[in-house]
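The lines below spell out each chain.
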Amino acid sequence: MKQKWTLVSIALGTILVFGFTFWFGLTPKQSLVQKSELESAPDFFLEGVETKTFDANGVLTEKLLAEEIKHYPMQGESRLIKPTVSKTQKSSVWVASSDTGLIKDSSSDILLNGSAKITNQSNKLKPTIITSNTIIYTDKDQSITSLGEANITSAQGNIKADTITAFTSSNKVTMQGSVRGSYEQNR
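So, here is what we can say about the structure in this document. Fair warning: this is a prediction, and the values are worked out from it, not measured in the lab.

**Examining the overall build of the chain**
Then, in step 1: When helices and strands are counted, the chain shows 2 helices and 12 strands.
Then, in step 2: The linear arrangement of helices and strands in the chain, starting from the amino end, is α-α-β-β-β-β-β-β-β-β-β-β-β-β.
Then, in step 3: Buried residues in the chain amount to 27% of all 187 residues.
Then, in step 4: Sequence-distant contacts, at least 24 apart, represent 31% of the contacts inside the chain between residues at least 6 apart.

**Comments concerning the layout of surface pockets**
Then, in step 1: When its volume is computed, the second largest pocket comes out at roughly 220 Å³.
Then, in step 2: Lining the second largest pocket are 13 residues, with Glu62, Leu64, Ile103, Ser108 and Ile110 sitting closest to its centre.
Then, in step 3: Split into classes, the residues belonging to the lining of the second largest pocket amount to 5 nonpolar, 4 polar and 4 charged.

**A look at unusual backbone geometry**
Then, in step 1: The phi angle at Ser115 is positive, at roughly 50°, despite the residue not being glycine.
Then, in step 2: For Ser115, the position within the fold is in strand β7 (residues 110-121).
Then, in step 3: Its identity as a non-glycine residue notwithstanding, Gln142 has a phi of 50°, on the positive side.
Then, in step 4: On the secondary structure map, Gln142 appears in the loop between β8 (128-138) and β9 (143-154).

**So, the environment of Ala150**
Then, in step 1: With respect to the helices and strands, Ala150 occurs in strand β9.
Then, in step 2: Given a relative accessible area of 2%, Ala150 falls into the buried group.
Then, in step 3: Remark: the alpha-carbon pair of Ala150 and Met175, spanning 25 residues in sequence, is separated by 9.3 Å.
Then, in step 4: Apart from residues lying up to four places away in sequence, Ala150 is in contact with Thr131, Ser132, Ile159, Lys160, Ala161, Asp162 and Ile164.

**Some words on the pattern of salt bridges**
Then, in step 1: The final tally for this structure, using the stated rule, is 7 salt bridges.
Then, in step 2: Note that Arg79 is salt-bridged to Glu77, the shortest N-O span being 2.9 Å.
Then, in step 3: With a relative accessible area of 34%, Arg79 lands in the partly exposed category.
Then, in step 4: Note that Lys82 is salt-bridged to Asp99, the shortest N-O span being 3.2 Å. You can see Lys82 sitting in the loop between β3 (77-81) and β4 (84-89) and its partner Asp99 sitting in the loop between β5 (92-97) and β6 (100-104), a full 17 residues away along the chain.
Then, in step 5: Salt bridges sharing common partners tie together Glu50, Lys52 and Lys63.

What counts as what
Residues numbered from 1 in each chain as written. Predicted model: local features only at pLDDT ≥ 70, side-chain atom pairs only at ≥ 80, totals over all residues. Heavy atoms only, no water. Helix = DSSP H or I, 4+ residues; strand = E, 2+ residues; numbered from the N terminus. Buried < 20%, exposed > 50% of the residue type's maximum accessible area, 1.4 Å probe, protein only. Contact = heavy atoms within 4.5 Å. 1 Å grid on protein atoms, 1.4 Å probe; cavity = no way out; pocket = protein on both sides within 12 Å on 5 of 7 lines; lining within 4 Å. Points joined across faces, edges and corners; volume = space filled by probe spheres on them. Nonpolar A, V, L, I, M, F, W, Y, C, P; charged D, E, K, R; others polar. Salt bridge = Lys/Arg side-chain N within 4 Å of Asp/Glu carboxyl O.

Keep in mind these values describe shape, not function.
Here it is, written out as structure tokens:
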């Protein structure tokens, strides 16, 4: 009888050892997608984006168009491909566009890179155009800063500077660095 229980114990032990080996052998030691890859991947993306913002009276104040937007939660930012942003203030319409853009989750500031261009259409006949390598729109003071080969073309002439900052609420412009310009003469 003792021998029978010994054989049953050995058989049960063998089954348990093979069962655990089989069970733990099937579970992967690491996930199929590495954690670092997931951290750098977007949590969503949108194509053919068009967003609009209206004021309390229902008047369109801001519009954003982009071929593609990808949101990265770990960096807290959205990256845009071919963005165009338009902002209407009083009688002025500001339109900004570039190859790529970046919006931080914590603010409404927009960074535009690559062939960045801003057009200001006021009640004037000819629009004012600002071009540069990089344009930064800061929502807090509603300023547009152009960095790298900044250039303003207007009805009055052409101005180049290292840095050009335009304030959309007051239509004032400041220039820094090497400022050069040519102006049309009124006759």
